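Residues per chain are reported as follows:
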Amino acid sequence: MFPIRDDNPHFLTPIVTYGLIAANVLAWVLLQGFGAEPTLSSSVCRLGLIPGELLQTAPPGARFPVGPDSVCIIGDARTWYTPLTSMFMHGGWFHLLGNMWFLWIFGNNVEDSMGHARFVVFYVLCGLAAAALQVVADPTSIIPMVGASGAIGGVMGAYVLLYPRVHVHMLIVLGFYVTTIAVPAIFMLGYWFLLQLISGWTSIGAEGGGVAFWAHVGGFVAGAVLVLLFRNPSLLERHPYHGWNRRSPTESWHKTRR
């Protein structure tokens, strides 16, 4: 299942959401060389989050292959900046495009609920919480973690708490059968979270690279909690489908004009 749009109007121009997408794309172009080697592997090693290097629990000089001719070599200094920089790095075109698409679908309405400045802080905190849980889950790992999906997981956690009944239109592909369905956000995002949780448990002890499922879980939970502090009730009231309420979009629009 892949989301293609939601039935949720927004009232503010989502300049932070646009800016975050632009920042990720610029990082891909300027720091990761459009995914070309050796620039891609170098950026992953330098700017990706490596738990064993951050915590100094991995021996200096330890190596992890990240490409056909590239390895990450663990240094002897704490890479304190990587929990932040890793949020803007990606491992490939599909990784980047998939993350940006989810941010495009769900980011605008979460930004709408709290305003621009709060959304910046909220997004970064969710990304840091995602990184923290992944580090706790495997503190000696020498595998670099990159991607915005932990922070975007926080956006999704906030979205499902704010707009559980909003319909999300999904693309369904089953072999040669392709169709679309509309399901409540609580179903689609709840299903996504459950998959991350199950996959995280089954990945414990696994070796080699893969998906940072615990980062997804950490971001989602952080977003669901932090949105209670960051939401702005006066902004949220304009939305016809916030919480379990249901008003027509026209009624909500007129209410904001009174």
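Residues numbered from 1 in each chain as written. Predicted model: local features only at pLDDT ≥ 70, side-chain atom pairs only at ≥ 80, totals over all residues. Heavy atoms only, no water.

**Observations regarding the overall build of the chain**
When you go through the chain residue by residue, the secondary structure sums to eleven helices and five strands. Taking 2.2 N^0.38 as the reference for a compact globule, 258 residues should give roughly 18 Å; the C-alpha atoms of the chain span a radius of gyration of 19 Å, in line with that estimate. By its C-alpha atoms, the chain is 65 × 45 × 35 Å across when sized along the principal axes. Looking at the chain as a whole, 48% of its 258 residues are labelled buried. Taking contacts inside the chain between residues at least 6 apart in sequence as the whole, the part at least 24 apart equals 75%. As displayed, the chain offers around 12600 Å² of accessible surface, 67% of which is attributable to carbon and sulfur atoms. Here the chain carries 13 positive and 12 negative side-chain charges, and the mean point of each set is 15 Å from the other. (Helix = DSSP H or I, 4+ residues; strand = E, 2+ residues; numbered from the N terminus. Rg over C-alpha atoms; globule rule 2.2 N^0.38 Å. Buried < 20%, exposed > 50% of the residue type's maximum accessible area, 1.4 Å probe, protein only. Contact = heavy atoms within 4.5 Å. Areas by Shrake-Rupley, 256 points an atom, 1.4 Å probe, with all protein chains shown as cover. Lys, Arg positive; Asp, Glu negative; His and termini not counted. Charge placed at Lys NZ, Arg CZ, Asp CG, Glu CD.)

**Regarding the pairing of strand β3 (residues 70–73)**
Residue alternation in β3 divides its side chains into a buried set, S70 and C72, and an unburied set, V71 and I73. Across four bridges, the pairing between strand β2 (residues 63–67) and β3 is antiparallel. Within β3, the residue paired with P65 across the bridge is V71. Linking two consecutive strands that pair antiparallel, namely β2 and β3, is a turn of two residues. (Pairing = 2+ DSSP bridges.)

**What about the confidence of the model for the chain?**
Within the chain, residue pLDDT values average 91, and 92% of them lie at 70 or more. Low confidence marks residues 248–258, where pLDDT is under 50. Its contacts with residues over four positions away, or in another chain, come to twelve contacts. (pLDDT = per-residue confidence, 0-100.)

**Digging into the state of the cysteines**
Following the criterion strictly, the structure yields one disulfide and no others. Here C45 engages in a disulfide with C72; their sulfurs sit 1.9 Å apart. Every disulfide takes its handedness from the sign of the S-S torsion; for C45 and C72 that torsion is -90 degrees, giving left-handed. Of this pair, C45 sits in helix α2 (residues 39–47) while C72 sits in strand β3, and the two are 27 residues apart along the sequence. Of the two residues, C45 and C72, both sit in the buried class. (Disulfide = S-S within 2.5 Å.)

**Here we look at helix α6 (residues 116–137)**
Between the first and last C-alpha of α6 there are 32 Å, a value that for 22 residues agrees with the 32 Å anticipated at 1.5 Å per step. Regarding α6, the residues found buried are F119, F122, Y123, C126, G127, A130, A131, Q134 and V135. (Expected span 1.5 Å × (residues − 1).)

**Comments concerning the side chain of S86**
On the secondary structure map, S86 appears in the loop between α4 (82–85) and α5 (93–114). A relative accessible area of 3% places S86 in the buried class. Discounting chain neighbours no more than four positions away, the residues touching S86 are L47, G48, L49, M145, V146 and G147.

**With respect to the packing of aromatic side chains**
All chains considered together, the criterion is met by 15 aromatic pairs. Arranged with centres 5.4 Å apart and planes meeting at 75 degrees, the rings of W28 and W93 form a pair that is edge-to-face. Of this pair, W28 sits in helix α1 (residues 15–30) while W93 sits in helix α5, placing them 65 residues apart in sequence. With relative accessibility at 44%, the residue W93 sits in the partly exposed group. (Phe/Tyr/Trp six-rings, centres within 6.5 Å; stacked < 30°, edge-to-face > 60°.)

**Quick word on the nonpolar core**
Counting 52 residues, the largest nonpolar core has F106, F122, Y123 and L189 as the members making the most contacts within it. Elements with a contribution of two residues or more to this core: α1, α2, α5, α6, α7 (149–162), β4 (167–174), α8 (185–203) and α9 (213–230). Excluding residues within four positions of it along the chain, F106 makes contact with P3, V155, M156, Y159, V168, M188 and L189. Formed by eight residues, the second largest nonpolar core is a distinct cluster that contains L54, V135, M145 and A212. (Core = buried A, V, L, I, M, F, W, Y, C linked by side-chain atoms within 4.5 Å.)

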